[in-house]
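A closer look at the structure
This is what each chain is made of:
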Amino acid sequence: MRRRAAALVQTHPEAADVLTKIAEGIAVEGMESLAPALVDGMEPLLDVLPAGTHVVLADPEKVRARAHDLVATGAEFLEAAWMNASVGGAAPVDLGASSFWSFAQVRAHAEATGRPWWSITSLTADEDLRDLEDVRILRVGARDVAGYRGETEKALADLRELASAGWRIVVTTEGHGPAKRLVEMLSGEDVPARLVDDLVEEPVPSVVLVTTASVEHGFVAEGLRAALVTEADITGVGGQSTKDMRRMAPRRRRNAVDPLTLRPGDFVVHEQHGVGRFVEMVQRTVQGATREYLVLEYAPSKRGQPGDRLFVPTDTLDQVTKYTGGETPTLSKMGGSDWAKTKSNARKAVKQIAGDLIKLYSARMATKGHQFGPDTPWQRELEDAFPYVETPDQLASIDEVKADMMKPVPMDRLICGDVGYGKTEIALRAAFKAVQDGKQVAVLVPTTLLVQQHFKTFAERFAQFPVTVKPLSRFTPGAESRATIAGLADGSVDVVIGTHRLLSGEIRFKDLGLVVVDEEQRFGVEHKEALKTLRTNVDVLAMSATPIPRTLEMAVTGIREMSTLATPPEERHPVLTYVGGQEDKQIAAAIRRELLREGQVFYIHNRVQSIERTAAHLKELVPEARIATAHGQMGEHRLEQVVLDFWEKRFDVLVCTTIVETGLDISNANTLVVERADTMGLSQLHQLRGRVGRGRERAYAYFLFPPDKPMTETAHDRLATIAQHTDLGSGMAVAMKDLEIRGAGNMLGGEQSGHIAGVGFDLYMRMVADAVADVRNQVPGAEGDAEPEPTEVKIELPVDAHLPHDYVPSERLRLEAYRRLAAADSESDLVELHAELVDRYGTPPQPVLNLLQVATFRIAARRGGLREVSLQGKQVRFAPIDLPESRELRLKRLYPGTLLKPALSVALVPAPMTARIGGKPLRDAEVLAWATEFVNAVLLEQPAAVAAGAR
């Protein structure tokens, strides 16, 4: 398969990225679509099931129609692709082997192979079955539960009525907390109810049995006088099991270069040597020890000469970051003063910023805020009812937010995460915690559509609790608005979700405790000023899906605490992205494919004047689709109704402007088609793509442009970037590219842009973080919790430490492993990495074990304050070493012949030998063990196991 993928790369460059990864043995999203071209003899599903397996069809009428449409759509896609090829596009990969079977063929194959065929249909009879002699029809007299959609009182009334009529009733919930609460509610309504762990016996008549189970929908069987009602039937929200969640704290890592994105010719920044160009990766053997290096090219030291080259050991990859700063940079000179001067100037500018921040931080520390209490049982119950599995980053962020709320200092935290990564759930839990302490919560959002979205989410999650949630926007009717404003003033409204109207002078809160700002970068300066009047001693939680902060205040994350969500939710797939010329047949095929799986489509047409014309054209292309239009110039009630109808699945395709760009969460919409994508900004394209792929279904995004019109170079760069970065959490990469295309000056103002261009964005941000850490340590009451930057440790000992090519054949995977080694900052990280290497590549050979031991020694050396350990002739140089007199005596006693140079802070220790006389120098694991023992005995003052003299 790998050989075939490598061969296809040459003939099909449009699929080169996926094929190259498959050829290197790297699993990649979407690779399953190429299976027919890579594997001989595709098997039907029935053939891989055990003999005698029963085939069960749910809704055979739908299956028949889908099977027919699927075959037709596959043919349409292929035809559109070949038509594209006829006008100069690349020919499609031949996937003829994947042609779907018709319904009749599958049934005939099942009968021929002796597999019984069952059909489950909700229709009274299937006419096709009447003519078959061997068919038996079984009728089940049951119906679906009438959906209550959160109307708990109506559900309780119906359960009371059924129980009093002697029915056998079972109610299931996802978590134990909601089950207990449901029993309390039923008992309070005089309905006999009992909580049971397992349902092993027949249910008792006239008693509601409540238990925990993962059941999606219930049923009512009139004939049996029995009913099964699920939590989803009552609340209207389907859920998945919360499972056992491991509270893994996400790693806080430096922004090291991602080797998978590094290509020859890319500009990089080395902290010690400045801006260079990546050339290649090579292996070198010096004194019998083989190591792997990154080769960087710098400016020549003499005019007319080739550029100087620096060999960076792969175990110090964390010193290298990719250069991002706008214009093409000037290469630094190695050993010159230019780089030191550039860094120094940037540091001075950063210190000035940090000085200004001292005042802000001190003022915040001096302000007395409300100290929230610990979690209540209701808080735990609300969290148990979350229908998804929290990501480790979400759990860590929730803990950080709660810890901030329980401090006497007002919280000011920014939650930064890609679109759809669960920021709303963090805000929801913080809001509930504030309400538990009798405080009010204001949730500020940029658009009226988002008000409706968040109101629905908050109302559904808080439905089981005595919490009053109200919306406030231009969509809210006048009487309701006045009632909400009065409720905020008298304290009867607990949570209000609104647009910038919340910042107007007419709103008065009785006891505001928390302000949540969603998509903070969308609010203007005047809104921020108005917000400050709310902020004086109120906790503030800001959320932003923009991966790179657009203002210095957000970039300097030390003054505002920041939590990052980098882990995608469970079972989330990357959005498969297509960028190309607009083609009617392809659009029709894309819409039909989504309709086949009962999904919905966002169609972005960003011109109000012609939006109705576009909708009419789509109706001609796909007559069976139900199409609606939405744009900002519509009447507010009509716009609200259209979006609500789309939400309720009354329409299949929403033709709209970019008003849906921010925050709209419709998990059933999984195809996005964007017209004139060449006229949109990069972050806008990324945000639009975030509207799809928010559930478990695979999502598709089509960014289209007119094939007959010329495109600007910037537009081409944007579309190329959006096509390349389709991985989950790629928002950071997209925004970094955006920064390169537009330049850094726009983002941080003229004063700082020069310094960013000089040292690169990553290193500049690291300097800012360092300066802010220093500031925080100077401010009384501030916590000095900023992690110190790990120092570089240069290790040059006779150790054969590398990843052999026959152990890890792919250069990309070797670079990834080296990066993980360089970033490891504890022994547990290395144990984890060792286990992963064994799992992926088998038992590691000796050079790999040596590499792990070098990493272990580096951690010990860093603890001892060393920056260099290298072999120089017959001595090993340790630097810097600055010992008190007592420890100097200990060093000379344990390691006779040691030469100390206090002025240079260097110790030259005789190199270890296998024997004092006639011995050979120690190598590999033995020399590392000796060096570790030296650090432990001399610098960390642990007992020396073996005196150096014994060597």
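Residues numbered from 1 in each chain as written. Predicted model: local features only at pLDDT ≥ 70, side-chain atom pairs only at ≥ 80, totals over all residues. Heavy atoms only, no water.

**Topic: the overall build of the chain**
Applicable threshold: Numbered from the N terminus, helices here are DSSP runs of H or I no shorter than four residues, and strands are runs of E no shorter than two. Burial classes: relative accessible area under 20% of the type maximum marks a residue as buried, over 50% as exposed, and values in between as partly exposed (1.4 Å probe, protein chains only). We call two residues in contact when some of their heavy atoms are within 4.5 Å. Each accessible area is a Shrake-Rupley estimate made with a 1.4 Å probe; only the visible protein chains count as cover when residues are assessed.
For the chain, the helix and strand inventory stands at 30 helices and 31 strands. Of all 951 residues assigned to the chain, the portion counted as buried reaches 48%. Taking as baseline every contact in the chain between residues at least 6 positions apart, the subset at least 24 positions apart corresponds to 74%. Accessible surface for the chain amounts to roughly 46000 Å². Of this, 52% is attributable to carbon and sulfur atoms.

**Comments concerning the sheet that holds strand β30 (residues 899-901)**
Just so we agree on the cut-off: One bridge is not enough; two strands pair if DSSP finds at least two bridges between them. A fitted line through C-alpha atoms serves as each axis, taken over the contacting stretch for helices, and the angle formed by two N-to-C directions is quoted from 0 to 180°.
What the five strands build is an open sheet, ordered β27-β28-β29-β31-β30; its pairing is mixed. Two strands in the sheet have a free side with no partner beyond their single neighbour: β27 (794-796) and β30. Taken pair by pair, the neighbouring strands of this sheet meet at an average axis angle of 20 degrees, ignoring direction. Across four bridges, strand β29 (residues 875-879) lies against strand β31 (residues 906-910) in antiparallel orientation. Along β31, the bridge assignment pairs F878 with A907.

**Focus: the nonpolar core**
So the rule is basically this: Remark: nonpolar core denotes a set of buried residues (Ala, Val, Leu, Ile, Met, Phe, Trp, Tyr, Cys) joined through side-chain atoms within 4.5 Å.
By size, the foremost hydrophobic cluster in this structure holds 60 residues, and its most contacted members are L797, F878 and F934. Among the elements that make up this core, the one with the highest residue count is helix α30 (residues 924-939) (nine residues). If we skip the residues at most four places from it in the chain, F878 touches L866, E868, V869, S905, V906, A907, V909, W930 and F934. Of all hydrophobic cores here, the second largest spans 33 residues; its members include I426, V441, V451 and M543.

**Topic: the packing of helix α1 (residues 2-11) against helix α2 (residues 16-23)**
How two helices sit against one another is set out by the angle between their axes and by the gap between those axes. This is how it is decided: Note that the term roughly parallel is reserved for angles under 35 degrees, roughly antiparallel for angles over 145, roughly perpendicular for angles of 65 to 115, and oblique for everything else. The crossing is said to be left-handed when, going from far helix to near helix, the turn is anticlockwise and less than a right angle, and right-handed when the turn is clockwise. Only Asp, Glu, Lys and Arg are considered charged in this grouping, and only Ala, Val, Leu, Ile, Met, Phe, Trp, Tyr, Cys and Pro are considered nonpolar; every other residue, Gly among them, is considered polar.
The N-to-C vectors of α1 and α2 enclose an angle of 150 degrees; their axes lie 8 Å apart at closest approach. Our classification of the angle between α1 and α2 gives roughly antiparallel. The interaxial crossing formed by α1 with α2 has left-handed handedness. Contacts between α1 and α2 pair R2, A5, A6, L8 and V9 from the former with A16, L19, T20, I22 and A23 from the latter. A class-by-class count of the residues in the contact of α1 with α2 yields eight nonpolar, one polar and one charged.

**A few points about the confidence of the model for the chain**
The predicted structure's coordinates, where accompanied by low pLDDT, should not be read in detail. Going by this rule: Note: pLDDT gives the predictor's confidence per residue, expressed from 0 to 100.
Averaged over all residues, the pLDDT of the chain equals 77, while 77% of them reach at least 70. Considering only residues more than four positions removed or in separate chains, one finds that residues 238-257, a stretch of pLDDT under 50, has 52 contacts.

**A look at helix α8 (residues 176-188)**
Applicable threshold: Helix span, expected: 1.5 Å multiplied by one less than the number of residues in the helix.
With 13 residues, α8 ought to run about 18 Å at 1.5 Å a step, and its terminal C-alpha atoms sit 19 Å apart, in line with that. Each element contacted by the buried residues of α8 is listed here: α7 (152-164), β4 (168-173), β5 (193-195), β6 (208-212), α9 (231-235) and α11 (377-384). Immediately downstream of α8, the backbone of D190 shows phi near 60 degrees, a positive value.

**A few points about the packing of aromatic side chains**
Test applied: Classification of ring pairs rests on two measures: the distance between centres of Phe, Tyr or Trp rings, Trp counted by its six-membered ring, which must be within 6.5 Å, and the angle between planes, read as stacked under 30 degrees, edge-to-face over 60 and tilted in between.
Inspection of the entire model under this criterion finds 13 aromatic pairs. When the centroid spacing of 6.1 Å and the interplanar angle of 50 degrees are considered together, the rings of F878 and W930 count as tilted. Residue F878 is located in strand β29, and its partner W930 is located in helix α30; the two are separated by 52 residues in the primary sequence. In this structure, F878 and W930 share a single accessibility class: buried.

**A word on the sheet that holds strand β8 (residues 226-230)**
Pairing is mixed across the open sheet formed by six strands, whose spatial order is β3-β7-β8-β4-β6-β5. The two strands at the open ends of the sheet, each matched to only one other strand, are β3 (143-144) and β5. Judged from the three bridges that link them, strand β7 (residues 219-221) and β8 form a sheet pairing that is antiparallel. The partner of F219 across the bridge, within β8, is L228.

**Regarding the pairing of β6**
Burial runs high along β6: four of the five residues are buried. Across five bridges, β4 lies against β6 in parallel orientation. Across the sheet, V171 pairs through a bridge with V210, a residue of β6. Bridge count between β5 and β6: three bridges; the pairing is parallel. By the bridge assignment for β6, L195 is matched with V210.

**Observations concerning a nonpolar patch on the surface**
Defined as follows: Here, patches come from residues exposed beyond 30% relative accessible area and free of salt bridges, joined within 9 Å for like charges and within 5 Å for nonpolar side chains (Val, Leu, Ile, Met, Phe, Trp, Tyr). Counted as salt bridges are all cases of a side-chain nitrogen of Lys or Arg within 4 Å of a carboxyl oxygen of Asp or Glu.
Taken together, V56, W118, I120 and L138 make up a surface patch of nonpolar side chains, about 440 Å² in accessible area. With respect to the element layout, W118 can be found in strand β2 (residues 117-120). You can call W118 partly exposed: its relative accessible area is 41%.

**Section: the environment of T342**
Among the structural elements, T342 can be located in helix α10 (residues 338-366). A relative accessible area of 28% places T342 in the partly exposed class. Taking the C-alpha atoms as reference points, T342 and S332, separated by ten residues in sequence, lie 9.9 Å from one another.

**What to know about α11**
Those residues of α11 lying buried are Q379, E381, L382 and E383. Tucked into the core, α11 has its buried residues touching α8, α12 (392-405), α13 (423-436) and α14 (448-461).

**Details of unusual backbone geometry**
In this structure, the amide linkage connecting A879 to the following residue, P880, adopts the cis form with an omega of -10 degrees. Topologically, P880 is positioned in the loop between β29 and α29 (885-894). Even without a glycine there, the phi angle at S905 is positive, about 55 degrees. Along the chain, S905 turns up in the loop between β30 and β31.

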